[in-house]
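One-letter residues, chain by chain:
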Protein chains: 2
Amino acid sequence: MPTRLSNYFLKTLREDPADAEVASHKLLVRAGYIRRQAPGVFSWLPLGLRVKARLEQIIRDEMTAAGAHEVHFPALLPREPYEASGRWEEYGEALFRLQDRHGADYLLAPTHEEVFTLMVKDIVSSYKDLPLTIYQIQDKYRDEARPRAGLLRGREFTMKDAYSFDVSDEGLEASYQAQRDAYERIFGRLGLDYEIVSADAGAMGGSKSEEFLLPTPIGEDTFVRSAGGYSANVEAYTTPAPEALPLEGLPAALVFDSPGTPTIETLVAHTNAVLPRTDGRAWAAADTLKNVVLAITPIAGEQAGQRSLVVVGIPGDRDADLKRAEVAFAGAEVEPATPEDFAKHPGLTKGYIGPGTSDAPVLGAESSTGIPFLLDPRVVPGTSWVTGANEHEKHVAHLVAGRDFVADGVADIATVRDGDPAPDGSGPVTIERGMEIGHVFQLGRKYAEALGLRVLDEQGKLVTVTMGSYGIGVTRILAVLAELHHDDRGLVWPRSIAPFDVHVVATGKDPSIHETAEALVAELDAAGLEVLFDDRPKVSPGVKFGDAELLGVPRVVVVGRDAADGFAEVWDRAAGTKEKVALDAVLGEVRG
Amino acid sequence: MPTRLSNYFLKTLREDPADAEVASHKLLVRAGYIRRQAPGVFSWLPLGLRVKARLEQIIRDEMTAAGAHEVHFPALLPREPYEASGRWEEYGEALFRLQDRHGADYLLAPTHEEVFTLMVKDIVSSYKDLPLTIYQIQDKYRDEARPRAGLLRGREFTMKDAYSFDVSDEGLEASYQAQRDAYERIFGRLGLDYEIVSADAGAMGGSKSEEFLLPTPIGEDTFVRSAGGYSANVEAYTTPAPEALPLEGLPAALVFDSPGTPTIETLVAHTNAVLPRTDGRAWAAADTLKNVVLAITPIAGEQAGQRSLVVVGIPGDRDADLKRAEVAFAGAEVEPATPEDFAKHPGLTKGYIGPGTSDAPVLGAESSTGIPFLLDPRVVPGTSWVTGANEHEKHVAHLVAGRDFVADGVADIATVRDGDPAPDGSGPVTIERGMEIGHVFQLGRKYAEALGLRVLDEQGKLVTVTMGSYGIGVTRILAVLAELHHDDRGLVWPRSIAPFDVHVVATGKDPSIHETAEALVAELDAAGLEVLFDDRPKVSPGVKFGDAELLGVPRVVVVGRDAADGFAEVWDRAAGTKEKVALDAVLGEVRG
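Calculation rules
- Residues numbered from 1 in each chain as written.
- Chains lettered and ligands numbered in written order.
- Predicted model: local features only at pLDDT ≥ 70, side-chain atom pairs only at ≥ 80, totals over all residues.
- Heavy atoms only, no water.
- Helix = DSSP H or I, 4+ residues; strand = E, 2+ residues; numbered from the N terminus.
- Lys, Arg positive; Asp, Glu negative; His and termini not counted.
- Charge placed at Lys NZ, Arg CZ, Asp CG, Glu CD.
- Contact = heavy atoms within 4.5 Å.
- Buried area = accessible area lost by both parts, 1.4 Å probe.
- Polar contact = N/O pair within 3.5 Å; in protein donor to acceptor, adjacent residues only side chain to side chain.
- Buried < 20%, exposed > 50% of the residue type's maximum accessible area, 1.4 Å probe, protein only.
- Pairing = 2+ DSSP bridges.
- Axes fitted to C-alpha atoms, helices over the stretch in contact; angles between N-to-C directions.
- Parallel < 35°, antiparallel > 145°, perpendicular 65-115°, else oblique.
- Left-handed = near helix turned anticlockwise from the far one by under 90°.
- Least-squares fit on C-alpha atoms with pLDDT ≥ 70 in both.

As recorded by an unreviewed UniProt entry, chain A carries the name Proline--tRNA ligase and is attributed to Leucobacter weissii.

Visitor: Tell me about the overall build of chain A, and name the residues and values.
Guide: Tallying secondary structure elements over chain A gives 14 helices and 32 strands in all. Reported as C-alpha extents along the three principal axes, the dimensions of chain A are approximately 100 × 65 × 50 Å. In chain A, which carries 60 positive and 90 negative side-chain charges, the distance between the mean positions of the two groups comes to 5 Å.

Visitor: Account for the interface of chain A and chain B, with residues named and values stated.
Guide: The interface of chain A with chain B comprises 54 residues on the first partner and 54 residues on the second. In total, about 4,800 Å² of surface goes out of reach between chain A and chain B, with carbon and sulfur atoms giving 60% of it. Interface area lost by chain A to chain B is led by F9, R101 and I123 of chain A, which between them contribute 17%. Taken together, chain A and chain B are joined by 22 residue pairs in polar contact (both at pLDDT 80 or more).

Visitor: Give a detailed account of the pairing of strand β16 (residues 308–315) of chain A, specifying residues and quantitative values.
Guide: Residue and element names in this part refer to chain A. Within β16, seven of the eight residues are buried, which leaves it mostly tucked inside the rest of the structure. Of the pairings in the sheet, the one linking strand β15 (residues 289–298) to β16 comprises eight bridges and is antiparallel in character. Within β16, the residue paired with L289 across the bridge is P315. Note: β16 against strand β18 (residues 373–375), three bridges, orientation parallel. Residue pairing for β18: G313 is matched across the bridge by L375.

Visitor: Please give an account of the packing of helix α2 (residues 46–65) of chain A against helix α6 (residues 169–189) of chain A that cites residues and values.
Guide: Residue and element names in this part refer to chain A. Their axes nearest at 9 Å, the elements α2 and α6 cross at an angle of 150 degrees. With respect to α6, the element α2 is oriented roughly antiparallel. The element α2 and its partner α6 pack so that their crossing is right-handed. Here α2 contributes I58, I59, D61, E62, M63 and A65 to the contact with α6, which in turn contributes Q179, A182, Y183, R185, I186 and R189.

Visitor: Account for the relation of the copies chain A and chain B, with residues named and values stated.
Guide: Between chain A and chain B, which share one sequence, the superposing operator has a rotation angle of 179 degrees and an axial displacement of 0.1 Å; the RMSD is 0.2 Å. The superposition of one copy onto the other is thereby described by a two-fold rotation axis. The rotation axis passes nearest to the C-alpha of L98 of chain A in chain A, at a distance of 2.6 Å. Interface residue correspondence from chain A to chain B reaches 100%, placing this contact among same-surface, isologous pairings.

Visitor: Explain the side chain of Q136 of chain B to me, and be specific about the residues and the numbers.
Guide: Residues and elements named next belong to chain B. Within the secondary structure, Q136 sits in strand β8 (residues 132–141). Since its relative accessible area comes to 0%, Q136 is described here as buried. Within polar-contact distance, the side chain of Q136 engages the backbone nitrogen of F73 at 2.7 Å. With residues up to four places along the chain from it excluded, the contact list for Q136 reads V71, H72, F73, H112, F116, M159, K160 and D161.

The following block contains the structure:
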């Protein structure tokens, strides 16, 4: 049955909504697909619901093809399983928590690892029941601090989340690959030009993880890629360590006065002035060692909430990247040390912090301060540095790693830059921005262990199951498609998820035009096309054309003055063409 | 593609779950359709999801046929619209409330009148955009005190809720009728033998309301019906008032000692002993006036939370029905007065309360106690009563309504009984129990007024819109169908919503049997049937048959020993028959 605009729940807006920052948000609201109910919380109008349903069907098809079984879990879940996994606390303020009338704790689930694990524990008992992949398309909740960008980052949003269960690591690898392949097919059908990047597993735990990113300047994720095929989320990039250098023959450490050098730039200039190098080049920022003091607060476990300091020495031409630091110190909140932190540690001379010397170490577990000291991977033995001498207005030059100082370990937290080497040797990387549209994780046995999911193996022995988790943001992808497919007049949907196949516009007051349009609509409908028919009386052609462009149905057929001569005008919104077509050729043209 | 049990997410249970009280709950869990996650909160396994999807499709079809447009609103909603309508408070403990990280109040919506009203206000501006009916199929939340009976009364449940918007009362009547007709078609397609009863609008406000009830002893609703066609929810039943009687010639009121008469029974016996009637019959409970003291606490408005007392005089052969009392005192909590309430009102002599006399009234706004006094509709002027004399161990006989006492009004709160007259004169009613499966309401202008939904009428004048609200409990109906369609071996789904059309069971170890079964499955699948194929190796025929009966697919085809001779066995679960059918006739038989 064709859908008639004269009787449809739709109102288009000429102006962008005041709170909208990105094109998809503006256009989906203006074209009457969605409306905001609260920050990050949206209602779906009939047009939006149609697009969402088509998108979900594509995902469902490919999940079925991948052998996954559809289930549906509640959004409202009890605290206990999330307590057992540690995520009740780890999620922090991003978790919507509530109590029922009896005071029992509940949450609105942000993802469902725990309850899928428990369900499988309830239903599966033997290796014979595995491998198993189950999925749902379901509404999830995250209390984002600043929900913005419309559907790109909502607080209530629809996800497809799948979970795989296997006995062996090889099984997990196969299940992971099946989902990864399904994602490639889904994004392929949607015409999305994605990049698969290695990702840190972050709060999800586990061993292997990849993100499907859509390269776009409005993306919230930063990733790196090399011409040779390496690509990774910036958080997952690992700095290759250079070879150690010989310690022999290096100049001895030399402490020198360094008044007026509060920054790396001033320190470098001063050092060049008072201690010119003899090898023909000048001191550079990369020759200095910047000792960054971080405050670390574990989120869960016995140390939860106990703030402590750590110092990381990184080359002075780089900064600490707090997101990368969060990966390095997974399970803890990380922030720069505050004046209060420094006040508690008088052994730290702010602006002049250094490792000290082998005889009198100032940083490290065995030092005078006892503060753990970690080094950037580039600070290998035999490298020589200008750094703080732990006295006001004093620095030290020629301080050699492995000779004058050692550290407690490595921390790869420095910023990544264009030109840094790919860790797999595939050449220099470039930095890109991307939007996450899918994520595949090898969770391993973390959740199965926490929740006791074990099955009998072929030898009749109980073994812990290994799991994967696989997510696609359904509502986010819808917004991404709107970002990619619009022009200055409105949306331009790809055929695969357009709300209708064709949008027929009748213009003019002549009743015969409307009769012709009705007949054409009936023909298109009978041919199995989803037809939107703008049959509104008393609406001007200009308004109808504007709405047709804004709504973004890929093909528009205008039945107007030429109808009497047997012609209509067929628009291809994506190509931007408008063509005069004989009425009896319209069906073929629109289908083609 | 057929679904293979060898690779399906299913585990059947031989035992009923411990927490299950009703057949649908027991069977849906045992047959692997659902699992409990928390009290009143369920997960849907693949089988359950299939049934739910078919049910939703039937509802969606009929909503489309009724001209309703599908939308989808969030479950997480801000407090403000519900504050404006008064329901934030009126819902009491049944509402799940929560706060976001910024401390803003939210709720999990139990129904969506407010936000549908606001959405229509946002989109519709003229009478030309109306009438309009929009609906959604969506998960709702109510914090039931004792969630039990499985899906019949959950705390997270799926509803179809529709809302109509009209300019005129006639328009509302037509929109209401269109939804009512759609409900009749939906329940007809599901083969449900429903009763449409008048209902009180309760917390929803508004003027006209009908419930679709399924007569069943496990129903939580009580309704009455007469052979002449009257039917109503017990809360909506109105007692017809008899004609007033002449006051002349009645005996004078007579106070008498009544020691040891704490109950109506003892009072009646004592009165017959000390004051035998002269008209040839004995005093009966129906001759006494029981003065019930109720505590009323308004839920919203200026008096919210202020507890006060009211006394209702009802014939002594009936009790107060608190649910009916909640209708009579709509917008307030009603409970029997407590000892603390009595302590605050020494004018009430517990066990001996009466209206007093015309000269010295004890009950009523103008009386010594000042406590409002209301009367059952049967207590018309000229009726004569035995009731309390407001002194310990004293009653009064021949106290005549309209002569010796008057009241402040009428309150129709007494229990309804088999044999009571239908208010429309269609004869005596019988009391039945039923399960609510649908509800249609004429809300009128309550929400539109509270939220300012007005449109321009034909004269260009702003008029307030009138609304209807229409609900079907999707998950509840699924449970109701399971209640109605099962036997002692398991579920027996009607074809309209069965998870599969046919369940093929291959038994025996002969590989040729499995080849025959595979070929048959392929034939049935190619014919467009949804096929479940029990291809599990190493599972005994007994277990397979038991599972087939438990799962409840309406047709089961067993391919076993007779396959070599070209025969299968076809079961009709509903008819309870098992028939030997030639393999090439199975498709016709199963389709038939």
